[in-house]
Amino acid sequence: MADAIADDAPGTGLRTWTAVVAEVTRRIADGEWRLGGIIPSEAELAAEFGCSRNTVNRALRALADQGILERKRRAGTRVRHLPESRASIGIPVVRHLVERRGARYGHHVLEQRAQEPPDAVAASLGLAAGAEALHVTSLHLSDAAPFALEDRWVSLAAVPAAATTDFSAVSVNEWLVRNVPFSTGEIGLSAGAATAEEAARLGCAAGTPVFVEDRVTRLGDSAITVVRTVFAPGYRMRLTI
């Protein structure tokens, strides 16, 4: 609690864990602490910085989580020789992608019905032969122009409420992100060539290079949804590393 209060107080210098993070990062960047080298102990840093050992511990844990430090019991803390590079990617709400560009978002539901999915989709959803899933095809718009074509299958066993939800007001993409938790998933990113049907929806010529995202999300052992999103030509994905 004391650390949390200190973080809100200006002028406290290295008495806050965030200030310790900044100082440790500076020393590494300036070469004072070399890559692969052991840094001073928590007790030594606490004495130097004039803060509690708990404050130092919190700062070093945060830097270890970022892949900058490597901590081992009895071996001390060292600057990671090859800092880990971690790309962060979540499940995007397409409306947010459009609005961040300063454009007006819209979407149309092209199809919404329960039906038996193709074998590959059924396998990904873990459905028995003959079982149905909700199929929703949507066209997302940016300033009324095609932005992305979404072809999605939702497991009605995992998300029964989807069967009675009208996705014309809120896209199935945004509805799932808002209402259905997930624990794991796989995302495939690739360059593709727009099929004739995709090209007609996206307003480009068949064969035009497009960015494609294939995704499966799960909650525990249960698959929630399988989705393929084809973005209009010119789309670029940005990741945080």
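This structure is a prediction, so every number in the text was calculated from the model and none was measured. Starting from 1, residues in each chain are numbered consecutively following that chain's sequence as written. Per-residue local features of the predicted model are confined to residues with pLDDT of at least 70, and side-chain atom pairs are confined, for both listing and counting, to 80 or more; whole-chain, interface and lining totals are unaffected and use all residues. Side-chain figures throughout are based on the complete set of non-hydrogen atoms in the structure, without hydrogens or water.

Engineer: Could you give me a rundown of the packing of aromatic side chains, with the residues and numbers involved?
Structural biologist: Stacked, tilted and edge-to-face are the three classes applied to pairs of Phe, Tyr and Trp rings, where Trp contributes its six-membered ring and a pair requires centres within 6.5 Å; stacked means planes under 30 degrees apart, edge-to-face means over 60, and tilted covers the rest. A complete count under the given rule lists six aromatic pairs for this structure. Relative to Phe231, the ring of Phe147 lies with its centre 5.9 Å away and its plane at 90 degrees, an arrangement referred to as edge-to-face. Here Phe231 lies in strand S8 (residues 222-231) and Phe147 lies in strand S5 (residues 145-154), a separation of 84 residues in the sequence. Residue burial is assigned from relative accessible area. The probe radius is 1.4 Å, only protein chains are included, and a residue is buried under 20% of its type maximum, exposed over 50%, and partly exposed in between. Relative accessible area serves as the criterion here: at 6%, Phe147 is assigned to the buried category. On the accessibility criterion, Phe231 (2% relative accessible area) is buried. On the basis of an interplanar angle of 75 degrees and a centroid distance of 5.5 Å, the ring pair of Phe167 and Trp175 is categorised as edge-to-face. Each member of the pair Phe167 and Trp175 is classed as buried. Joined through ring pairs, the aromatic side chains of Phe147, Phe211, Phe231 and Tyr235 make up one cluster. Helix and strand definitions here come from DSSP, where helices need a minimum of 4 consecutive H or I residues and strands a minimum of 2 consecutive E residues; each element is numbered from the N-terminal end.

Engineer: Please set out the environment of Thr77 residue by residue, giving values where relevant.
Structural biologist: Looking at the secondary structure, you find Thr77 in strand S2 (residues 76-79). A C-alpha to C-alpha distance of 5.9 Å links Thr77 and Ile39, two positions 38 residues apart in sequence. Every residue pair with non-hydrogen atoms within 4.5 Å of one another is taken to be in contact. Setting aside its immediate chain neighbours within four residues, Thr77 contacts Gly37, Ile38, Ile39, Leu60, Leu69, Glu70 and Arg71.

Engineer: Outline the side chain of His107, listing residues and values.
Structural biologist: Mapped onto the secondary structure, His107 falls in strand S3 (residues 105-115). With a relative accessible area of 12%, His107 lands in the buried category. Of note is the side chain of His107, whose polar atom sits 2.8 Å from the backbone oxygen of Phe167. In contact with His107, other than residues within four places in its own chain, are Leu139, His140, Leu141, Phe167, Ser168, Ala169, Val170 and Ser171. Identification of polar contacts relies on pairs of N or O atoms within 3.5 Å, with a donor-acceptor requirement for protein atoms, meaning one able to donate a hydrogen and the other able to accept it, and with residues adjacent in sequence counted only if both atoms are side-chain atoms.

Engineer: Kindly report on the sheet that holds strand S4 (residues 133-142), identifying the contributing residues and their values.
Structural biologist: Strand pairing requires that DSSP identify at least two bridges connecting the strands. Here we have six strands laid out as an open sheet, ordered S3-S4-S5-S8-S7-S6, and antiparallel in their pairing. Strands with a single pairing partner mark the edges of an open sheet, and in this sheet they are S3 and strand S6 (184-193). Ignoring which end each strand starts from, the neighbouring axes of this sheet average 15 degrees apart. Relative to S5, S4 runs antiparallel, the two being bridged by nine bridges. Bridged to Leu141 within S5 is Pro146. The strands that helix H7 (residues 172-179) touches are S4, S5, strand S7 (209-219) and S8; relative to S5, the one it contacts most, it runs at about 55 degrees. The angle between two axes is taken between their N-to-C directions and runs from 0 to 180 degrees, where each axis is a line fitted to C-alpha atoms and a helix contributes only its stretch in contact.

Engineer: Describe the packing of helix H2 (residues 17-29) against helix H4 (residues 53-65), naming the residues involved and giving the relevant values.
Structural biologist: Contact pair H2 / H4: the axes reach a minimum separation of 8 Å and the direction vectors enclose 55 degrees. Relative to H4, H2 is oriented oblique. Judged by the sense of rotation from one axis to the other, the crossing of H2 with H4 is right-handed. Here Trp17, Val20, Val21, Val24 and Thr25 of H2 lie close against H4, whose contacting residues are Thr55, Arg58, Ala59, Leu60, Ala62 and Leu63. Lys, Arg, Asp and Glu make up the charged group, whereas Ala, Val, Leu, Ile, Met, Phe, Trp, Tyr, Cys and Pro make up the nonpolar group; the residues left over, Gly among them, are polar. A breakdown of the residues in the contact of H2 with H4 according to their chemical character gives eight nonpolar, two polar and one charged. To sort the angles, those under 35 degrees are grouped as roughly parallel, those over 145 as roughly antiparallel, those from 65 to 115 as roughly perpendicular, and the leftovers as oblique. Two helices cross in a left-handed way if the nearer one is turned anticlockwise from the farther one by less than a right angle. They cross in a right-handed way if the turn is clockwise.

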